Amino acid sequence: MEACKSVEREVDKLLTKYFSLREHGQRSLEELINSIQSIKRELEEAPTDHHLSAAQVLTLNQCLRRIRDGVSSVSSEHKDLHGSVSKIGKTIDRNFVSDFSAVLTDGACEGEANRQLLNEVICEHFLRQGMLDIAEALNQDAGLNLSHERKEPFLELHRVLEALKNKDLIPALKWAEDHREQLGEQNSSLEFKLHQLQFINLIRQGHSHQKEALLYARNFAPFASDHQRELQRLMGSLLYLRQGIEHSPYAHFLQPIYWQEICDVFTKDACRLMGLSVQSPLTVCIQAGCRALPPLLSIRQVMKERLVPGVWSNKDELPVEIDLGHEYHFHSIFACPILRQQSTENNPPMRLVCGHVISKEALNKLSNMNKVKCPYCPVEQVPSDAKQIIF
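The written sequence of each chain sets the order in which its residues are numbered from 1. Per-residue local features are limited, in this predicted model, to residues with pLDDT of at least 70; the limit for side-chain atom pairs, both in listing and counting, is 80 or more; totals at the level of whole chains, interfaces and linings are taken over all residues. Note that the side-chain values use all heavy atoms of the structure and ignore hydrogens as well as water.

Each helix is a run of DSSP H or I of at least 4 residues and each strand a run of E of at least 2, with the numbering of both proceeding from the N terminus. Positionally, Ser-237 belongs in the loop between α10 (228-236) and α11 (257-273). Buried residues are those whose accessible area, probed at 1.4 Å on protein chains only, stays under 20% of the maximum for their type, while exposed residues exceed 50% and partly exposed ones sit between those limits. Since its relative accessible area comes to 0%, Ser-237 is described here as buried. For this analysis, a polar contact is any N or O atom pair within 3.5 Å, provided that within protein one partner can donate a hydrogen and the other can accept it, and provided that sequence-adjacent residues contribute only side-chain to side-chain pairs. From its side chain, Ser-237 meets the backbone oxygen of Leu-234 in a polar contact 2.4 Å long. The residues touching Ser-237, leaving out its near neighbours within four places in the chain, are Phe-199, Ile-203, Ile-245, Tyr-250 and Phe-253. What makes two residues a contact is simply this: any of their non-hydrogen atoms within 4.5 Å.

Encoded structure:
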């Protein structure tokens, strides 16, 4: 955060200087233009056979000198401004570390299998964002050979979302009807909200579409028991068709927030049906990394200055606790009550026969002659009887 503030201060200085020089340059140019126009008028008003007097020649020379001085001053100020811009780059280089190797897990991105997985994650991210051309180019260049069956759900998601952004409900309604059973199992309100928006589109068009709106209201029959209050308000809006729904107590139906909401609801329900997270995993990882990197780099620098770089030797574990917030909590985290370490793939939580849970490393350290005594109760047991827990 301090690094960002340092760069921000330099940017503020540059902007202040820029606006000051711009105002000064504009004033100088206006003065020169006025002076030249004044001399031009005097020359135009003089007779054609008039010869310049010594005073007029002196005035012209002074004007030319002011122009040269003005151009030289603007050039000098521009050079000074360029130096300030360069200073911002140096400030960024000084305050931000570009080498993150100190906090990387060795071999994380090495090997053909890891590179293949990374390329697949990036390609899936482009598919989720609707960047189909980029995703297909990466698919071919990296030799991913993603099947059409794997890409089709993303293509369909993108097509429906694009239609919703253009206020076209037909593709979304067709998709909701095709997946009605799965949506019902999730207690989703997507199909009702889609029909609600279509009904609002009809009543928006006024009294001339009253019959069409009434006929369309039959689509609400399957949702009558779960959305009684919403249906009452929708039917009440029919009383104001003649005067216009926008001039009635139901004008809030026309707010654009309903279209924003339907895009979010569709994305959430569609991703859930496909077994995907609402947010792109790549986006979540980058955002979490941006929050975690500064304290990790800071603690690494402190270790280097104090000549204790070996303290943080296992990069599967963090040297300091980093709280990313509740929005980044996706699964349970187990911390061994004995060693005070979070569980990892190599050090998973183990359930003892008595029901207490400790880490695998703690279990190995407590084992004595093929016997282990629970640290919380007097039960003795064989270490091999402990079962790994998967959250």
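A separate point is the pattern of salt bridges. The term salt bridge refers to a side-chain nitrogen of Lys or Arg lying within 4 Å of a carboxyl oxygen of Asp or Glu. This structure, assessed with the given rule, holds eight salt bridges. The salt bridge partner of Glu-191 is Arg-180, with a shortest N-O separation of 2.5 Å. With a gap of eleven residues between them, Glu-191 in helix α8 (residues 190-204) and Arg-180 in helix α7 (residues 180-185) connect regions that are remote in the sequence. By relative accessible area, which is 7% here, Glu-191 ends up buried. On the basis of relative accessible area, Arg-180 is assigned to the partly exposed category, the value being 44%.

So, about helix α4 (residues 132-141). Taken together, the buried positions of α4 are occupied by Ala-135, Leu-138 and Asn-139. Take α4 and look down its axis: the buried residues cluster within an arc of 105 degrees, on one side only. Away from its buried face, by an angle of more than 90 degrees, α4 presents the exposed residues Asp-133, Gln-140 and Asp-141. Where α4 is buried, its residues touch α3 (112-128) and α5 (148-165). Where α4 ends, the next residue or the one after it, Gly-143, has phi of about 65 degrees, a positive value. An arc is given here, and it is the one of the directions from the helix axis to the C-beta atoms.

A few words on the domain arrangement of the protein. The domain architecture assigned to the protein consists of domain 1 (1-44 + 53-89), domain 2 (147-274), domain 3 (279-318) and domain 4 (335-388). For the domain bounds, the source is a domain assignment made automatically or taken from a database. Distance between the C-alpha centres of domain 2 and domain 4: 54 Å.

Our focus in this paragraph is helix α6 (residues 170-178). Taken as a whole, α6 has its buried residues at Ala-172, Leu-173, Trp-175 and Ala-176. Taken down its axis, α6 places every buried residue within 160 degrees of arc, on the same side.

Now for the environment of Phe-391. Residue position: Phe-391 is located in the segment after β5 (387-388). We classify Phe-391 as exposed; its relative accessible area is 58%. Put simply, Phe-391 and Lys-304 are 87 residues apart on the chain and 36 Å apart in space, counted from C-alpha to C-alpha. Contact partners of Phe-391, with chain neighbours within four places excluded, come to Ser-332, Phe-334 and Pro-349.

Turning next to the nonpolar core. Within the largest apolar cluster, 38 residues are counted, with the highest numbers of intra-cluster contacts made by Leu-164, Leu-190, Leu-194, Phe-199, Ile-262 and Phe-266. Sorting the residues of this core by element identifies α5, α6, α8, α9 (210-216), α10 and α11 as the ones contributing at least two each. Excluding residues that lie within four positions of it along the chain, Phe-199 makes contacts with Ala-213, Tyr-216, Ala-217, Phe-220, Leu-234, Met-235, Ser-237 and Leu-238. The definition of a nonpolar core used throughout is a set of buried Ala, Val, Leu, Ile, Met, Phe, Trp, Tyr and Cys residues joined through side-chain atoms within 4.5 Å. Judged by nonpolar contacts, the second largest core, of eleven residues, contains Phe-334, Leu-363, Val-372 and Ala-386.

In this section: the packing of α3 against helix α12 (residues 281-305). Axis definition: a line fit to C-alpha positions, over the contact stretch in the case of helices; interaxial angles, taken between N-to-C directions, run 0 to 180 degrees. One way to put it is that α3 packs onto α12 with a least axis distance of 8 Å and a crossing angle of 110 degrees. By the criterion of interaxial angle, the relationship of α3 to α12 is roughly perpendicular. Seen from α3, the contacting residues are Val-121, Ile-122, Glu-124, His-125 and Arg-128; seen from α12, they are Pro-281, Leu-282 and Thr-283. Classification used: nonpolar for Ala, Val, Leu, Ile, Met, Phe, Trp, Tyr, Cys and Pro, charged for Asp, Glu, Lys and Arg, polar for all others including Gly. Across the contact of α3 with α12, the residue classes tally to four nonpolar, two polar and two charged. Our angle categories are set so that under 35 degrees counts as roughly parallel, over 145 as roughly antiparallel, 65 to 115 as roughly perpendicular, and the remainder as oblique.

At a minimum axis distance of 11 Å, the contact between α8 and α10 shows a crossing angle of 10 degrees. In terms of orientation, α8 lies roughly parallel with respect to α10. Between α8 and α10, the contacting residues are Phe-192, Gln-196, Phe-199 and Ile-200 on the first element and Glu-230, Leu-231, Leu-234 and Met-235 on the second. In terms of residue class, the contact of α8 with α10 is built from six nonpolar, one polar and one charged.

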